[in-house]
Amino acid sequence: MTQRGVRRAILIGGGIAGPVLGMFLRRIGVEATIFEAREAPAENEGAFLGIAPNGMNVLADLGVAEAVAARGAPFVGMRFENARGRRIGEIDQREAARRFGAGLVMIRRGALHAALAEEAVRRGVGIRYGTRLTDVDRSDPREVVARFREGGEARGDVLIGCDGFRSRTRVCAVPDAPAPGYTGLLDFGGFARCPGAPVEPGWSAMVFGRRAFFGAFAAPDGEIWWFHNGAEPGPGEPGRGAAAGRGAAAGRGAAAGRGAAAGSVRERILALHEGDSAWIADVVRATPEVLGPWPLHDILTMPRWHVGRVCLIGDAAHATTPHAGQGASLAMEDGMLLARCLRDEADPEQAFAAFERLRRPRVEAIVRAARRTGDRKAVAGPVAEWLRDRMLPLFLRLGAAAQERAYAYRIDWEARAA
Ligand SMILES: Cc1cc2nc3c(=O)[nH]c(=O)nc-3n(C[C@H](O)[C@H](O)[C@H](O)COP(=O)(O)OP(=O)(O)OC[C@H]3O[C@@H](n4cnc5c(N)ncnc54)[C@H](O)[C@@H]3O)c2cc1C
């Protein structure tokens, strides 16, 4: 055992950061137990996500990349279209594996959770489902105590909040942290068989509709995995930010959302894509169950990520919108780097400080970039649409450098953290 003073770690949350951190902690000889609020591993949990090369490289270091890739599908690129179906840009990822050491993988969220949980358990990480953290007791400087809604408590040398953007750990341990802000975009998704959809397997069609954004990935078997981002007030969320609070499109989107509120979610989405390429409506109609909504939130910055024996990672520390396709991969990187810091630093507080210092610039830059991309998804009328269609290739070129930096990032496990 290399780390001093850390033998038992309490991990709150078994989404993405939790199991990845747990596996790296096992590697350094720390006993790791995940406490997850869900009742069971959610194999069929909603929607899907993309894992970027930097995330896949973390999984490769752990030896779980193949298990994850086997449950997902290679993602080879995106083609952007305007509402009338005119191609306005493309990002080709076919060279990613050669350039960054790993390609991109698209995977259903439930399948990713199941793969990570299975691998974590196989490596000796404990997972307790149906335990929701309610309180963190830091009164004894020698340990930290977690208390759960279902009763009972757990004691550890450290407690790591891997509990996502609505982190209870954050509320308990860093009460001056800002709450995640609603960006004004509401996300829905689904899986459909729609043979007429003009998307090639492995590619995503990304459509800037007149009122809302639509993305459709074609899996190798032809199934369409889609998402929709509309500028609407979230359930119980005040609108905020460029996507919701400003601009005519935001007003149109919100109005459409309200106007159709009495109808089904499907009707609402169809209304927001009225007049866009017809295949979008075909996909939405062919979807057995529309999943969501997920109101998209982020936290641009936090005063601190750790206090005493408690540290936040993943979305709990730096919640991001999906628009940069990096939230999951950043959560994986966090797990690896935090374990390395705990291995190398003299005590947990120093490890957490080193972790935050090493991570903050990268993750905050990506969270900001994701926010900017999201803000471009809701455009304000025909003039802005005309301009966006012409400017998009430039934005894609400018964004390419940042994307390369994000993809090329590698953590050297053998290097010392300090
Ligand atoms: C619609 C949508 C699409 C996205 N698409 C992408 C994408 O394509 N690519 C990408 O990289 N990112 C994407 N993201 C972002 C990505 O999902 C997150 O950044 C990522 O899941 C963060 O991982 P995490 O482990 O920190 O948190 P989560 O994955 O949110 O896991 C947190 C876990 O903590 C548990 N939990 C919460 N509270 C408690 C509690 N009190 N006690 C115990 N357990 C608790 C939850 O049940 C959950 O299992 C998307 C997000 C959304 C909403």
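Below: a short report on this structure. What you are looking at is a predicted structure, and each value in this text was computed from that prediction instead of being measured.

### Looking at the packing of aromatic side chains
Okay, step 1: Tallied over the entire structure, the rule returns 14 aromatic pairs.
Okay, step 2: Look at Phe-75 and Phe-217: their rings are 5.8 Å apart centre to centre, the planes differ by 65°, and that puts the pair in the edge-to-face class. Here Phe-75 is found in strand S4 (residues 73-75), whereas its partner Phe-217 is found in strand S15 (residues 212-218), with 142 residues between them in sequence.
Okay, step 3: When its relative accessible area of 7% is taken as the criterion, Phe-75 is described as buried.
Okay, step 4: Residue Phe-217 is classed as buried on the basis of its relative accessible area of 1%.
Okay, step 5: Ring geometry for Phe-214 and Trp-279: centres 6.0 Å apart, planes at 75°, overall edge-to-face. With Phe-214 in strand S15 and Trp-279 in helix H10 (residues 278-285), the pair connects residues that are 65 residues apart, well separated along the chain. Taken as a pair, Phe-214 and Trp-279 share a single burial class, namely buried.
Okay, step 6: Put simply, the rings of Phe-48, Phe-75, Phe-191, Phe-217 and Trp-225 pair up and form one aromatic cluster.
Okay, step 7: Over the ring of Tyr-409 we find Arg-362, and its NZ or CZ is 3.9 Å from the ring centre.

### Some remarks on the site of the ligand
Okay, step 1: In the vicinity of the ligand, 31 residues are found, and the nearest of them are Ala-17, Glu-36, Gly-50, Arg-109 and Ala-328.
Okay, step 2: Within the backbone of Gly-50, one N or O atom sits 2.8 Å away from an oxygen atom of the ligand.
Okay, step 3: Between the ligand and Arg-109, the relevant distance is 2.7 Å, taken from an oxygen atom to a side-chain nitrogen or oxygen of the residue.
Okay, step 4: Within the complex, the protein chains bury 85% of what would otherwise be the 1000 Å² of accessible surface of the ligand.
Okay, step 5: Only strand S2 (31-36), strand S3 (48-51) and helix H12 (327-344) provide two or more residues apiece to the shell around the ligand.
Okay, step 6: Classifying every residue of the shell around the ligand gives twelve nonpolar, eleven polar and eight charged.

### Concerning the nonpolar core
Okay, step 1: The biggest cluster of nonpolar side chains holds 105 residues, and the ones touching the most others in it are Leu-25, Leu-59 and Ile-160.
Okay, step 2: Ranked by the residues each element gives to this core, the list is headed by H12, at ten residues.
Okay, step 3: Ranked by size, the runner-up nonpolar core spans 23 residues in total, among them Ala-197, Trp-226, Trp-279 and Val-284.

### A look at the packing of helix H9 (residues 265-272) against H10
Angle between the axes and distance between the axes are the two parameters that describe a pair of packed helices.
Okay, step 1: Between H9 and H10, the shortest axis-to-axis distance is 10 Å and the interhelical angle comes to 175°. Taken as axis vectors, H9 and H10 run roughly antiparallel relative to one another. Taken together, the residues of H10 that come into contact with H9 (itself represented by Arg-266, Ile-269 and Leu-270) are Ala-281, Val-284 and Arg-285.
Okay, step 2: Of the residues that constitute the contact of H9 with H10, the class distribution is four nonpolar, no polar and two charged.

The rules behind each value
- Residues numbered from 1 in each chain as written.
- Predicted model: local features only at pLDDT ≥ 70, side-chain atom pairs only at ≥ 80, totals over all residues.
- Heavy atoms only, no water.
- Phe/Tyr/Trp six-rings, centres within 6.5 Å; stacked < 30°, edge-to-face > 60°.
- Helix = DSSP H or I, 4+ residues; strand = E, 2+ residues; numbered from the N terminus.
- Buried < 20%, exposed > 50% of the residue type's maximum accessible area, 1.4 Å probe, protein only.
- Lys NZ or Arg CZ within 6 Å of the ring centre and 35° of its normal.
- Near = heavy atom within 4 Å.
- Polar contact = N/O pair within 3.5 Å; in protein donor to acceptor, adjacent residues only side chain to side chain.
- Areas by Shrake-Rupley, 256 points an atom, 1.4 Å probe, with all protein chains shown as cover.
- Nonpolar A, V, L, I, M, F, W, Y, C, P; charged D, E, K, R; others polar.
- Core = buried A, V, L, I, M, F, W, Y, C linked by side-chain atoms within 4.5 Å.
- Axes fitted to C-alpha atoms, helices over the stretch in contact; angles between N-to-C directions.
- Parallel < 35°, antiparallel > 145°, perpendicular 65-115°, else oblique.
- Contact = heavy atoms within 4.5 Å.

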